[in-house]
Each structure stands twice: as C-alpha cells, then as structure tokens.
Amino acid sequence: MLTHGNLLSNARVLKDFWGWRNGDVLVHALPIFHVHGLFVAAHGALLNGSRMIWFNRFDARAVVARLPEATVFMGVPTLYVRMLAEPGLTRGACKSMRLFISGSAPLLIETFNAWRERTGHTILERYGMSETVMLTSNPYRPESARRGGTVGLPLPGVGVRVHDDKGSPLPAGEVGNIQVKGPNVFKGYWRMPEKTADEFTTDLWFKTGDVGRIDADGFVTIVGRSKDLIISGGYNVYPAEIEGVVNELPGVAESAVIGVPHPDFGEAVVAVVVPRPGATLDGAAIAAQLRKQIANFKLPKQVFVVPELPRNSMGKVQKNLLREEHR
Ligand code: MCA
C-alpha cells in the first residue's frame, strides 16, 4: 500500500536530486506496470512538465536513434547492455543527453565502464523497491563522484542503516541487513497484516531483504539478498512460485529453482528437477509445459533433470552448490 504521500515525497526528492529542469525530454522505454517505469520515470517527467518520447516496448536500435532529441534516459541494466551492442551508440548520439540512470537490478562494473568509454557519460546507479520507491542514489554532480558498483547515498529524508541478524547496528563498512525508514516507505502489504508486521523492526524500520554495507562516507553497496529472489532483466522472480508449479507436473518428485549469471538478463532462471522413482523426465518437455502455465520472463532458460538435490545435514537444499554447478 503506497499512499499519494509516499509517491509525492519521492517524486519531489528525485526531481531536485537529479536536477530535472526546463527543456528536459525523457526517453521512456520501460514497462509501466512497475515502479521504475511508472513512478520513477513517468512521475519525474510529469512533475517537471517534461515531454516523453514514449516506446511501448524496448527496441535498442530505435531508442538509440531517438537519443539526439532527449536529455534523460532510465533503464534496467539489460537495456544498457543491449544499447551497447548497437553501433549507432556513439558520443555524437548522446550529445544532448545530460543523465543516464540505471536501477532495478545490479549494474555490472563492465557495463558501467563500457558505457563511459563509448558515450562519455557516467551511468548514475540508484536503488529502490516497490515497497519504498527510491532509497539511495549516486550523486548527480559532480559526475565524477558516481561510483560504479555502489548505489550511492541515502536520498534526502530517507534513513538507511545496516544491522546484524540479532538486530544490532553494525559499524561502517560491515556487511549486514539493510533497513530503511522515511516518508516514502509503504504502509504495508495489502490484507497481509502478519507479513507486514514481520517485515518491520520493532522501531518501525522496513527490512529490505537486501544485504550490504555503508562505507564511512555514506555510500551504500548491495552485496546480496537474504530473500531467495532472482532478478532477471529487472523483473523479480520468486523461486518458490516456480518450484510450486514444477512440483505439480506428472513424474516430478521435487525441484529447485535458482538464478545463474546471464550476459543479457543479468541473472537467468534455471530449474533442477528430480523425477519420481520409475518416472522418466525430459527437460525440454518440462520447459514446454511450463510455457503454458507461467509468464515468459519466469520461464527457466534451462531445465536439468538430476537423480537428487544436494542437501546439507539439516536436509535443506544447498542452492549455493547448484548455482556453482550451473553457472
Ligand atoms: C523477456 N524475456 C525474459 C525477460 N524479458 N526472460 C527473462 N527475463 C526477462 N526480463 C523472455 C521473452 O519472453 C523471450 O522468451 C526471450 O526472453 C527474449 O525476449 P526479448 O524479446 O529479447 O525480450 P524483450 O521483450 O525485449 O524484453 C526484455 C526487456 C524486458 C526489455 C529487458 O524484460 C524489460 O522491459 N525489463 C524491464 C523490467 C522492469 O521495468 N523492471 C522494473 C521493476 P521466448 O523467446 O522464449 O519467448 S523493478 C522496480 O520497479 C524497482 C522498484 C526499481 O528499483 O526500479
């Protein structure tokens, strides 16, 4: 439950922080059923009274062709990776641009560096969630202060802290659970009071589920996630949901769904499936069946059939081993 107050406070902060100004033109090529395209991008342009060059789907070549008319672009890392593959992406094509922003998934340092080399622009990486809208951002000025591999500084009015598993604050530079507070933080999950209560601390900070550190100079770095989540091309995929569908298929005893590094989507969904005794399973057939049941972006890019899943002494599936094996 996001209130108008949540959204407005964030839109106003971002308008100032990212220097929205007269004459700005936004290239909008993101889906508008997510916070990134709907609130961060569209609200910024609307609040500023800016024109948008609107794409109903992302096409790297078409977007690059319109950059000379624009000043601001926002994308998930996959969009940057695909634009880098376009020969038309040159310094000249980006001459009128003042700001490239990336979010929703980790931006690889290779992409950050390649973009700077090719276009002369430094991508500004920021961090947020649907529950909180935007939380941190790399500095707007000077451009040289933007640090690849970090998500920047807490936005004005937003509190960010790092606690250990017992709930005690950690000193600068130490890795722990990222918690946040501010006028942008949602009111809770719709009709889920218990889940809502679980996701807030007793002093009412929201537990993001992300794991990271805050350096002595305030820069936040995300190093992982405590929640079992895959981010593929900027979309969240919950393994338990896919495992639930796979486990219902005939002949399946159990399954584990993991994320592995992928050059285009950042992470790709992979399913590892164990047949019931006596059953024979075919990975391709499982993939074809899943296609009828779940959204495209959640589909495993590969399905492996194995005799058993690796488990620790507690009986828990060791997804870290599966991720290593299938990377
Ligand atoms: C498409 N496919 C995908 C994805 N997208 N597979 C995995 N992950 C994906 N993200 C599938 C297609 O169904 C197709 O499968 C195959 O991959 C190739 O499709 P392609 O045509 O290349 O894909 P596309 O239609 O060009 O889409 C790629 C995309 C899109 C443009 C990167 O995924 C996208 O718009 N992502 C942005 C998501 C976003 O806005 N996230 C923000 C939420 P097949 O060939 O088998 O049919 S996060 C957020 O809001 C937070 C708060 C934040 O901080 O921003």
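Residues numbered from 1 in each chain as written. Predicted model: local features only at pLDDT ≥ 70, side-chain atom pairs only at ≥ 80, totals over all residues. Heavy atoms only, no water.

Topic: the pattern of salt bridges
For step 1, the next point in the chain: Applying the stated rule across the entire model yields 14 salt bridges.
For step 2, the next point in the chain: With a shortest N-O distance of 4.0 Å, arginine 141 and glutamate 143 are connected by a salt bridge.
For step 3, the next point in the chain: A salt bridge links arginine 147 to aspartate 217; the shortest N-O distance between them is 2.6 Å. A residue pair is termed long-range when its members are at least 10 positions apart, and arginine 147 in the loop between strand E6 (133-137) and strand E7 (153-154) and aspartate 217 in the loop between strand E10 (206-214) and strand E11 (220-225) qualify at 70 residues.
For step 4, the next point in the chain: According to the relative accessible area criterion, arginine 147 is partly exposed, its value standing at 33%. (Salt bridge = Lys/Arg side-chain N within 4 Å of Asp/Glu carboxyl O. Helix = DSSP H or I, 4+ residues; strand = E, 2+ residues; numbered from the N terminus. Buried < 20%, exposed > 50% of the residue type's maximum accessible area, 1.4 Å probe, protein only.)

Here's the deal with the sheet that holds strand E14 (residues 252-262)
For step 1, the next point in the chain: Read across the open sheet, the 3 strands follow the order E14-E15-E16; overall the sheet is mixed. Only two strands of the sheet have a single partner each, and these edge strands are E14 and strand E16 (302-305). For this sheet, the mean inter-axis angle between neighbouring strands, taken without regard to orientation, is 25°.
For step 2, the next point in the chain: Of the strand pairs in this sheet, strand E15 (residues 266-275) and E16 are connected by 4 bridges, and their pairing is parallel. Looking at the pairing, valine 270 lines up with glutamine 302 of E16.
For step 3, the next point in the chain: Helix-sheet contacts for helix H7 (residues 239-247) involve E14 and E15, and the interaxial angle to E14 is about 140°. (Pairing = 2+ DSSP bridges. Axes fitted to C-alpha atoms, helices over the stretch in contact; angles between N-to-C directions. Contact = heavy atoms within 4.5 Å.)

Regarding the sheet that holds E11
For step 1, the next point in the chain: The sheet built from 4 strands is open, its strands ordered E8-E9-E10-E11 with antiparallel pairing. Two strands lie at the open edges of the sheet, namely strand E8 (159-163) and E11, each paired on one side alone. Direction aside, neighbouring strands of the sheet carry axes that sit 50° apart on average.
For step 2, the next point in the chain: Where E10 lies against E11, 5 bridges are found, and the strand directions are antiparallel.

Points about a nonpolar patch on the surface
For step 1, the next point in the chain: On the surface, a nonpolar cluster with roughly 280 Å² of combined accessible area is contributed by Ile32, Leu38 and Trp54.
For step 2, the next point in the chain: Within the secondary structure layout, leucine 38 lies in helix H2 (residues 35-48). (Patch = residues over 30% accessible without salt bridge, like charges linked within 9 Å, V, L, I, M, F, W, Y side chains within 5 Å. Areas by Shrake-Rupley, 256 points an atom, 1.4 Å probe, with all protein chains shown as cover.)

Re unusual backbone geometry
For step 1, the next point in the chain: A cis geometry characterises the amide bond from arginine 141 onward to proline 142, with omega recorded as -10°.
For step 2, the next point in the chain: Locating proline 142 in the fold gives a position in the loop between E6 and E7.
For step 3, the next point in the chain: We note that serine 104 has phi near 85°; this positive angle belongs to a residue other than glycine.
For step 4, the next point in the chain: Relative to the assigned elements, serine 104 resides in the loop between strand E4 (99-102) and helix H5 (109-119).
For step 5, the next point in the chain: One non-glycine residue, leucine 204, lies in positive phi territory at about 70°.
For step 6, the next point in the chain: Following the sequence through the fold, leucine 204 ends up in the loop between helix H6 (193-198) and E10.
For step 7, the next point in the chain: What makes leucine 204 exposed here is its relative accessible area of 56%.

A closer look at the site of the ligand
For step 1, the next point in the chain: Taken together, 26 residues surround the ligand, and among them Ser104, Arg126, Ser232, Arg291 and Lys301 come closest.
For step 2, the next point in the chain: Serine 104 places a polar side-chain atom, nitrogen or oxygen, 2.5 Å from an oxygen atom of the ligand.
For step 3, the next point in the chain: For the ligand, the protein covers 77% of the area, taking 1000 Å² as the surface of the free molecule.
For step 4, the next point in the chain: Secondary structure elements with two or more residues in the shell around the ligand: H2, helix H4 (77-84) and strand E5 (124-129).
For step 5, the next point in the chain: The residue inventory of the shell around the ligand, partitioned by class, reads 11 nonpolar, 10 polar and 5 charged. (Near = heavy atom within 4 Å. Polar contact = N/O pair within 3.5 Å; in protein donor to acceptor, adjacent residues only side chain to side chain. Nonpolar A, V, L, I, M, F, W, Y, C, P; charged D, E, K, R; others polar.)

Things to note about H5
Residues spaced three or four apart along an α-helix face the same direction, because each turn holds 3.6 residues.
For step 1, the next point in the chain: Considered for burial, the residues of H5 that qualify are Thr111, Phe112, Trp115 and Thr119. Taken around the axis of H5, the buried residues stretch over an arc of 105°, which confines them to a single face. Turned more than 90 degrees away from the buried face of H5, the exposed residues are Glu110 and Glu117.
For step 2, the next point in the chain: Buried residues belonging to H5 abut H4 and E4.
For step 3, the next point in the chain: Just downstream of H5 lies glycine 120, where phi reads positive at about 80°. (Arc of directions from axis to C-beta.)

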